[in-house]
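# Residue-level structural notes
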Amino acid sequence: MISDTDRLSLAPGVVFQGGRLADAVRGDAWPLNGSGAFVLSRTHRPVGQIVSEIADAFSLPLETARGDVLRFVWYLNALALVNVERRGTRIRRLVDWVVLAARLAPAGALPVAVARRRALDTRSVPRAVASSLAATLSRVVAVAIVATVVAVQFSAVVGAPGIAVPLALGIATGIGLGLHEAAHVASLRGVPSALVTRGRRTYVLHAAVSPTRRSVVALAGPLTVAALGVAFALGGAALGAPILVIAGCPLAAHALSLTVVGGDGRIACGL
Amino acid sequence: MRALKAFLLGAVAAGVVAYALVAALAVTAQAGGRALEIALGPLAILSVTHDGTSTVTTFGPGLVVLALAGGLANLAAAQLVRHRSGPPGDRVD
């Protein structure tokens, strides 16, 4: 969903220069036509204002201009070249989302999620890990909260007392996501990369690397977190701490990403 | 080589997940002072028994069978996916 008050910004690593849109991560550039250049030279302005200006400049009906601008922005956003800076409160956006979802419900569709690209610093492993954790922090917290709430529900259904187990499961689920992406980024040392979130998906966009390194990068995420999960299980068993073993389960579940069920496993298998 | 990779990754994935789940069940049973036995047909996966003041936990060969089954399942799935996959992209999940 993109509203009139939202503003556009070029994603980190993307520049608009000399009528071309260049992406440092992909190492590629694309020429833009006049109307595309018109829109991208007006980043940080409200979308509604850009629509009005393009309608005036090209003598287009407002609704035609709106459709053209939104299609263009959606396309660039889907390629993680343009970020959409939200305006308005979260509550307002939630209400707008619910209204649009209700309108789309008869078609069996949901509103398309907006992609957001964040910069990653891959100059060294510590920088890579730190920048990845910073980029995923909000998502890690959200996933941890959702997982905890779901675990509390299950816990209540089976009649298990206490909050410790749901909390351990929730925190481990959130931290697992952050470490998974951080391990990918750490293995991309020296390779231009960016973190992209879109709806429930989180992925690392990176410059082309050799097939062998590509496999290593794909395996690094799930293997690191799964190994940590096994370490938790072994450590918890050795220390007689069931909570550690239980916390290890969501971490160990990242091993499933090694299979063709997950994108990482498909890459590692050369598919 | 691709088939071997798919089998090994599937086996590791299934083995790790199965071990973690079984370990969680084992420590929960130990903490609750309960006996527990899980088997895959004749093959034991987990056994938690209490003998007086001590608790004996045994991971059986069923775990290895689960890992091998995971490897075979991943190999079969990889063969299916192979025919539908496009060229490699520029991202990792």
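No experiment lies behind these values; they were computed from the predicted model shown.

Next up on the list: the overall build of chain B. Secondary structure summary: chain B contains 2 helices and 4 strands in total. Referenced to the eigenvectors of the C-alpha coordinate spread, the extents of chain B come out at roughly 60 × 30 × 15 Å. A buried classification covers 37% of the 93 residues belonging to chain B.

Ranked by internal contacts, the top residues of the largest apolar core, which has 99 residues, are Ala252(A), Ala255(A), Val17(B) and Ala20(B). Looking at this core, the element that brings in the most residues is helix H1 (residues 2-32) of chain B, giving 19 residues. If you count residues domain by domain, this core takes at least three from each of domain 1 (7-113) and domain 2 (120-268) of chain A. Residues within four places of Ala255(A) in sequence aside, it is in contact with Pro222(A), Ala226(A), Val12(B), Ala13(B), Val16(B) and Val17(B).

Residue and element names in this part refer to chain B. Spatial ordering of the open sheet is given by S1-S2-S3, a layout of 3 strands whose pairing is antiparallel. The open sheet is flanked by strand S1 (36-40) and strand S3 (54-59), the only strands paired with a single partner. Shown here is a sheet whose adjacent strand axes are inclined to one another by a mean of 10 degrees, direction ignored. As judged from the 6 bridges shared by strand S2 (residues 43-51) and S3, these two strands associate in the antiparallel manner. Directly across from His50, in S3, lies its bridge partner Thr55. Contacts from H1 reach S1, S2 and S3 within the one sheet, and its direction differs from that of S2 by about 15 degrees. Strands in contact with helix H2 (residues 62-82) are S1, S2 and S3; relative to S2, the strand with the most contacts, it is inclined by about 150 degrees.

With that settled, consider the interface of chain B and chain A. Counting residues at the interface gives 28 residues for chain B and 40 residues for chain A. Secondary-structure elements contributing two or more residues to the side of chain B that touches chain A are H1, H2 and strand S4 (91-92) of chain B. A per-element tally of the side of chain B that touches chain A places H1(B) first, with 17 residues. Split into classes, the residues belonging to the side of chain B that touches chain A amount to 18 nonpolar, 4 polar and 6 charged.

Looking now at the sheet that holds strand S2 (residues 14-17) of chain A. Residues and elements named next belong to chain A. Spatial strand order, S2-S3-S4: 3 strands in an open sheet with antiparallel pairing. Across the chains shown, the open sheet's two edge strands, defined by having one partner strand only, are S2 and strand S4 (28-31). Within this sheet the neighbouring strands show an average axis-to-axis angle of 20 degrees, counted without direction. Bridging between S2 and strand S3 (residues 20-23) involves 4 bridges; their strand directions are antiparallel. Residue pairing for S3: Gln17 is matched across the bridge by Arg20.

Procedures and definitions
Residues numbered from 1 in each chain as written. Chains lettered and ligands numbered in written order. Predicted model: local features only at pLDDT ≥ 70, side-chain atom pairs only at ≥ 80, totals over all residues. Helix = DSSP H or I, 4+ residues; strand = E, 2+ residues; numbered from the N terminus. Buried ≥ 20, exposed ≤ 12 C-beta atoms within 10 Å, placed from the backbone. Core = buried A, V, L, I, M, F, W, Y, C linked by C-beta atoms within 7 Å. Domains from an automatic or database assignment. Contact = placed C-beta atoms within 7 Å. Pairing = 2+ DSSP bridges. Axes fitted to C-alpha atoms, helices over the stretch in contact; angles between N-to-C directions. Nonpolar A, V, L, I, M, F, W, Y, C, P; charged D, E, K, R; others polar.

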